[in-house]
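Descriptive analysis of the structure
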Amino acid sequence: KQWYQRRVRGPVLTYNNPGTCYTLLQLPEDPAEVPNTLTCTLKFLVKDCDPATGEADPVGYDDEYVLEDLTIGLNALFQKVFKSNFAAAWDELSPEKQADETYTLTTVKSLEGAVEQLITFFGMQPCERTERIAEGKSSHILLLAGYFKDGVECLIKTKIVFDGAVNMKVSARSSDTSLNELLVSSI
């Protein structure tokens, strides 16, 4: 898929002087196509200069430099929103459109690690201070809220248990059933 939309070229750069250029990406319509890694390459024209006169070679030659990959995840599609009463907001959204999935995360070694990774992964706002875990707890509920890129309100409730591995049930509610399914299946 081609995400490239437009670029703004950087200025003419002389040796050892940094500059900036920009690229505009258009996200695909289907949110399932978003979790993606893009290969980035800087392409430029090299012109050798005469050290005595400072004049650049009029022709030059094309060159390129491979940059770090750019990973775009679901978190790029959400705007965080604070919900002071998550339970009321949860109840307002239809339970018939709710999606649920259960996971075991073997590489995460704590409740704190699971909560931190989920907040980063979804890019949504933790509600009712559920980003904090009381000392000595072996279970926790994380509440997240956000608006999807098209303005759809989304809520996620994750019940997490740690017993040597992280086990969790992720539930998503919004007005869009396919978005709910995407959210719970994307981990």
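See the structure printed just above.
Quick notes on the pattern of salt bridges
One pass over the full model with this rule turns up one salt bridge. With its nearest N and O atoms 2.3 Å apart, the salt bridge here joins Glu153 to Lys83. Of this pair, Glu153 sits in strand E11 (residues 153-162) while Lys83 sits in the loop between strand E7 (78-80) and helix H1 (86-92), placing them 70 residues apart in sequence. For Lys83, a relative accessible area of 17% translates into the label buried.

Thoughts on the side chain of Thr130
With respect to the helices and strands, Thr130 occurs in the loop between strand E9 (125-126) and strand E10 (139-148). Not counting the four nearest positions on each side in its chain, Thr130 is found in contact with Val115, His140, Ile141, Leu142 and Leu143.

Describing the packing of aromatic side chains
The tally for this structure, following the rule as stated, stands at three aromatic pairs. For the ring pair Phe86 and Trp90, a centre distance of 5.8 Å and an interplane angle of 25° mean the geometry is stacked. Of the two residues, Phe86 and Trp90 are both situated in helix H1; the distance of four residues between them amounts to about one turn of the helix. Taking the relative accessible area as the measure of exposure, Phe86 reaches 2% and is therefore buried. Judged by its relative accessible area of 5%, Trp90 falls in the buried class.

Some remarks on the environment of Leu70
Take Leu70: it is sitting in strand E6 (residues 70-72). When the C-alpha atoms of Leu70 and Lys80 are compared, they prove to be 22 Å apart, with ten residues separating the residues in sequence. Filtering out sequence-adjacent residues up to four positions away, Leu70 remains in contact with Leu25, Asn36, Thr37, Leu38 and Cys40.

Comments concerning unusual backbone geometry
For Glu128, which is not glycine, the phi torsion reads 50° and is therefore positive. Within the fold, Glu128 resides in the loop between E9 and E10. With a phi close to 60°, Arg129 is a non-glycine residue in the positive phi region. Note that Arg129 resides in the loop between E9 and E10. By relative accessible area, which is 57% here, Arg129 ends up exposed.

Considerations on the nonpolar core
Formed by 33 residues in total, the largest nonpolar core has its most connected members in Phe122, Cys154, Ile156, Ile160 and Leu183. The element best represented in this core is helix H2 (residues 111-122), accounting for six residues. When neighbours within four sequence positions are excluded, Phe122 is seen to be in contact with Leu74, Asn75, Phe78, Leu144, Ile156, Val170, Leu183, Ser186 and Ile187. Core analysis: the second largest hydrophobic core is formed by nine residues, Val81, Leu93, Cys127 and Leu143 among them.

Cut-off values and rules
Once a new chain begins, its residue numbering starts again from 1 and follows that chain's sequence as written. Side-chain atom pairs in this predicted model are given and counted only at pLDDT of 80 or more, local residue features only at pLDDT of at least 70, and totals for whole chains, interfaces and linings cover all residues. Excluded from the side-chain calculation are hydrogens and water; included are all heavy atoms of the structure. Each reported salt bridge corresponds to a side-chain nitrogen of Lys or Arg within 4 Å of a carboxyl oxygen of Asp or Glu. Helix and strand labels come from DSSP, where a helix needs a run of H or I of at least four residues and a strand needs a run of E of at least two; each type is numbered from the N terminus. Each residue is assigned to one of three classes by its accessible area relative to the maximum for its type, calculated with a 1.4 Å probe on protein chains only: buried under 20%, partly exposed between the two thresholds, exposed over 50%. Contacts are residue-level and defined by heavy atoms, with any inter-residue pair within 4.5 Å sufficient. What counts as a ring pair is set by centres within 6.5 Å for rings of Phe, Tyr and Trp (its six-membered ring), and what kind of pair is set by the plane angle: stacked under 30 degrees, edge-to-face over 60, tilted for all other angles. Residues grouped as a nonpolar core are buried Ala, Val, Leu, Ile, Met, Phe, Trp, Tyr and Cys residues, joined through side-chain atoms within 4.5 Å.

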